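Here is how the chains run, residue by residue.
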Amino acid sequence: MTAPLAGIRVIEVGVMLAGPYATMMLADLGAEVIKIEPPGGEISRQVSDSYFASLNRGKRSLCLDLASDAGQAKLAELVRDSHALLVNMKPSVIRRLGLTYDALRRHNEKIVCVAMTGFGLDGGDDPAFDYVIQAATGVAAMTGDPDGPPTLPGYSSADNSTGLTAALGLLAMIVAGQGGQVDVSLRDVMLSQLNYRASAFLNDGAEPRRYPNGAHSYYVPAQLFPTAGGYLALFITHDGFWRSFAAEAGVAGFATMAERAARRDEVLDVVTAALAADTAAGWEARLKPLGIPAAAVRTLPEALTATPEVLVTAGDFQLVGNPIHVAGYTPDYRPAPVFDEYAEQAAVQSSS
């Protein structure tokens, strides 16, 4: 089938992770993404070639000095024939470079301008990297062992989540068929993702607390457990899961969800003792056929080895493919662009 976003052109003025990740998802689905890079190249090229490839496959690179008259003139040309522009920079820089809808609408009334910032276009220029946002929104404080320090996830959850949210906002405006400004901030995205935690505090007065082994705040048993070999993630919610697990593990009692929540420590003692009789891999093999949510804790290399179907090749790099699977469509995973490779094509289009 035709690519879902065929015919859609997006200009990206992206830095590092959040913005480039958003537009890479769109490129995978068939959008033409023109990555505007400053003289010397976008800073993530300095991290490593594999890092850059993991966030920029399928795009075209064009070097523009947006602080110059010539750069602004070329940007105006691109805007006239594009559907959207996405940028992730400080609000003051976004405005100074004229990357808002108010600045660009004179070139194209239907252009969709997406600004990704730390605290919103009107939220100021305070530094807002992923780890800072996780600390500022309560994520770090509710993560980790209760007797240990606040903990950060092992990947850039704020940046990635904001990228996906920005892509959704961009597409919503294109579907609406009207131009305008979309304002997406890392802070707002992370607070939104704390949905039920925030609601419990705002409506029930329940402050988040940390439990050992990453345990869920209500469901019991739902956490990591040590076994005879490795750790097992077990997530038992409704009573049917518990009955199946109890029969397989040889434990009794605690028949209802409410009882298990009320007698958390007793349940965990019983389950921990039972799981010590087999390895994490053994329990996973026994519990999955019963429909019980359980998985041995794997390293990333182990997880990638176990799921070769998610891997794709883009140029010289093996990467994780797009998680959106559209029936009948297979993305064309092209390599990340060589710096300023689009310049020649852009010059031809300008003269024609």
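Everything numeric here is computed off the predicted structure, so don't read it as measured data.

The rules behind each value
- Residues numbered from 1 in each chain as written.
- Predicted model: local features only at pLDDT ≥ 70, side-chain atom pairs only at ≥ 80, totals over all residues.
- Heavy atoms only, no water.
- Helix = DSSP H or I, 4+ residues; strand = E, 2+ residues; numbered from the N terminus.
- Contact = heavy atoms within 4.5 Å.
- Areas by Shrake-Rupley, 256 points an atom, 1.4 Å probe, with all protein chains shown as cover.
- Lys, Arg positive; Asp, Glu negative; His and termini not counted.
- Charge placed at Lys NZ, Arg CZ, Asp CG, Glu CD.
- Expected span 1.5 Å × (residues − 1).
- Buried < 20%, exposed > 50% of the residue type's maximum accessible area, 1.4 Å probe, protein only.
- Patch = residues over 30% accessible without salt bridge, like charges linked within 9 Å, V, L, I, M, F, W, Y side chains within 5 Å.
- Salt bridge = Lys/Arg side-chain N within 4 Å of Asp/Glu carboxyl O.
- Pairing = 2+ DSSP bridges.
- Axes fitted to C-alpha atoms, helices over the stretch in contact; angles between N-to-C directions.
- Phe/Tyr/Trp six-rings, centres within 6.5 Å; stacked < 30°, edge-to-face > 60°.
- Lys NZ or Arg CZ within 6 Å of the ring centre and 35° of its normal.

Q: Please clarify how the overall build of the protein chain should be interpreted in this entry.
A: Within the protein chain, the secondary structure is distributed over 15 helices and eleven strands. C-alpha extents for the protein chain along the principal axes are approximately 80 × 45 × 35 Å. Looking at the protein chain alone, contacts between residues at least 24 apart form 69% of all its contacts between residues at least 6 apart. Element-wise, carbon and sulfur atoms account for 57% of the exposed surface of the protein chain, whose accessible area totals about 17300 Å². For the protein chain, the distance from the average position of its 26 positive side-chain charges to the average position of its 38 negative side-chain charges is 3 Å.

Q: I tried to follow helix α7 (residues 157–176) on my own but got confused; where do I start?
A: Residues that lie three or four places apart on an α-helix share one face, since the helix turns once every 3.6 residues. Between its terminal C-alpha atoms α7 stretches 29 Å, which fits the 28 Å expected from 20 residues at 1.5 Å a residue. The set of residues buried in α7 consists of S157, A158, D159, N160, S161, T162, G163, A166, A167, G169, L170 and M173. G177 occupies a position one or two residues after α7 and carries a positive phi of about 75°.

Q: Which parts of the structure should I look at to understand a nonpolar patch on the surface?
A: There is a patch of nonpolar side chains on the surface, built from L224, Y231 and V297 and spanning about 260 Å² of accessible area. Structurally, L224 is set in strand β7 (residues 222–226). With relative accessibility at 32%, the residue L224 sits in the partly exposed group.

Q: Can you help me understand the sheet that holds strand β8 (residues 231–235) in this one?
A: Neighbouring strands of a sheet are bound in pairs by backbone hydrogen bonds; such pairs are parallel or else antiparallel. Sheet architecture is open: three strands sit in the order β7-β8-β9, paired in antiparallel fashion. What marks the edges here is a single partner per strand, and that holds for β7 and β9 (294–296). Geometrically, the sheet is characterised by an average inter-axis angle of 20° between neighbouring strands, direction not taken into account. Strands in contact with helix α12 (residues 264–275) are β7 and β8; relative to β7, the strand with the most contacts, it is inclined by about 45°.

Q: Where do I start with the packing of aromatic side chains in this structure?
A: In this description, an aromatic ring pair is defined by two values, namely the gap between the centres and the angle between the planes. Under the defined criterion, the tally for this structure stands at four aromatic pairs. Residues Y219 and F235 carry aromatic rings whose centres are separated by 5.9 Å and whose planes lie at 70° to one another, so their mutual orientation is edge-to-face. In this pair, Y219 sits in the loop between α9 (195–204) and β7 while F235 sits in strand β8, placing the two residues 16 residues apart along the sequence. When the ring of W242 is compared with that of F245, the centres are 5.8 Å apart and the planes differ by 40°; the resulting orientation is tilted. Taken together, the residues span about one helical turn, with W242 and F245 both in helix α10 (residues 239–249) at a distance of three residues. Of the two residues, W242 and F245, both sit in the buried class. Three or more aromatic residues joined by ring pairs form one cluster here, namely Y218, Y219 and F235. Taking NZ or CZ as reference, R264 lies 4.1 Å from the ring centre of Y211, over its face.

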